[in-house]
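Chain by chain, the residues run as shown.
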Amino acid sequence: MWLTTERLLLREFTAEDWPDVYAYRADPEVVRYLPFSPASVEEVQEHLARCIALARSHPRHVYELAVVVRDEGRVIGSCTLAVLDYEPRHAAFSYLFNRRYWGRGYATEAMQALFEYGFAMLGLHRIADTCDARNVASVRVMEKLGMRREAHYRETIWDGAAWHDEYGYAILAREWRALKAT
């Protein structure tokens, strides 16, 4: 599977992508608001093996794609659409980017392409997920995607020292189509 945007290529991961993926998955600042710690080389390689296997599964439920800057040819992040087992017209999403590429609109651009694929090709009705309320950059990306905040979950994230809030964001297929029509 390949998706292209003005500046990006979204493609399946390969085992050879591990150094680029390790560069951001091992960065404590990149995973600061996520429920996992910085990854080791072995963990990155195992994760890529799972991504490659999931890409071959039928029916496919998880679309975790490498985000490549077309001019550079290197993996700068990942974006994921995970179709829910219990409701196949709903999906969760995520994205993770190398810190050197933050603030350039790449996350929004990649997720727009993946959302379009989800609604147009997979026939999704709803795409939704949550983020740590402290993660202002992710909140901004979701709002740029036209998503609405549906929930404010109080003290749902324990970081080992304190409880933190979480926001829930979602967008429906008809809302996505209306955004694209404007």
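This write-up is about the structure you can find in this document. This one's a predicted model, so the numbers in the text were calculated from it and none came from an experiment.

Calculation criteria
Residues numbered from 1 in each chain as written. Predicted model: local features only at pLDDT ≥ 70, side-chain atom pairs only at ≥ 80, totals over all residues. Heavy atoms only, no water. Salt bridge = Lys/Arg side-chain N within 4 Å of Asp/Glu carboxyl O. Buried < 20%, exposed > 50% of the residue type's maximum accessible area, 1.4 Å probe, protein only. Helix = DSSP H or I, 4+ residues; strand = E, 2+ residues; numbered from the N terminus. Pairing = 2+ DSSP bridges. Contact = heavy atoms within 4.5 Å. Core = buried A, V, L, I, M, F, W, Y, C linked by side-chain atoms within 4.5 Å. Right-handed = clockwise from strand over helix to strand, strands pointing away. Axes fitted to C-alpha atoms, helices over the stretch in contact; angles between N-to-C directions. Parallel < 35°, antiparallel > 145°, perpendicular 65-115°, else oblique. Left-handed = near helix turned anticlockwise from the far one by under 90°. Nonpolar A, V, L, I, M, F, W, Y, C, P; charged D, E, K, R; others polar.

1. Considerations on the pattern of salt bridges
The full count for this structure, using the stated rule, is 12 salt bridges. Salt-bridge contacts for Arg 134 lead to Asp 132; the nearest nitrogen and oxygen are separated by 2.6 Å. The class for Arg 134 is partly exposed, based on a relative accessible area of 33%. Given a relative accessible area of 5%, Asp 132 falls into the buried group.

2. Some thoughts on the pairing of strand β4 (residues 75-83)
Summarising burial for β4: eight of the nine residues are buried, a large majority. Where strand β3 (residues 62-69) and β4 come together, seven bridges link them in antiparallel fashion. Counted as the bridge partner of Leu 65 is Cys 79 from β4. Counting the residues that bridge the hairpin from β3 to β4 gives five residues, and of these Gly 73 lies at a positive phi of roughly 75°. Here seven bridges tie β4 to strand β5 (residues 90-97), and the two strands are oriented antiparallel to one another. Residue pairing for β5: Ser 78 is matched across the bridge by Leu 96.

3. Section: unusual backbone geometry
Note that the residue after His 58, namely Pro 59, is joined by a cis bond; omega there is -5°. In this fold, Pro 59 is placed in the loop between α2 (41-55) and β3. For Glu 155, which is not glycine, the phi torsion reads 45° and is therefore positive.

4. Some thoughts on the side chain of Asp 17
Within the secondary structure, Asp 17 sits in the loop between β2 (8-11) and α1 (18-25). Residue class for Asp 17 comes out buried when judged on its relative accessible area of 6%. Among residues more than four places away in sequence, those in contact with Asp 17 are Arg 11, Glu 12, Leu 48, Ala 66 and Val 75.

5. Details of the nonpolar core
Grouped together as the largest cluster of nonpolar side chains are 39 residues, with contacts concentrated most on Leu 10, Cys 79, Phe 93, Tyr 95 and Phe 115. With nine residues, the top contributor of residues to this core is helix α3 (residues 106-120). In terms of nonpolar packing, the next biggest core, distinct from the first, is built from 14 residues, Leu 9, Ala 39, Cys 51 and Val 68 among them.

6. Remarks on the pairing of strand β6 (residues 126-132)
Judged from the two bridges that link them, β5 and β6 form a sheet pairing that is parallel. Following the sheet pairing, His 90 is matched in β6 by Arg 126. In the classification by handedness, the crossover that spans β5, the intervening α3 and the parallel β6 is right-handed. Taken together, the seven bridges between β6 and strand β8 (residues 163-172) define a ladder with antiparallel strand orientation. Paired with Ala 128 across the two strands is Ala 170, which belongs to β8.

7. Re the packing of α3 against helix α5 (residues 173-181)
In contact at an axis separation of 11 Å, α3 and α5 are set at 125° when each is read in the N-to-C sense. Between α3 and α5, the crossing angle belongs to the class labelled oblique. Seen along the crossing, α3 lies across α5 with a hand that is left-handed. In this structure, α3 uses Gln 112, Phe 115, Glu 116 and Phe 119 to contact α5, whose residues at the interface are Ala 173, Trp 176 and Lys 180. A breakdown of the residues in the contact of α3 with α5 according to their chemical character gives four nonpolar, one polar and two charged.

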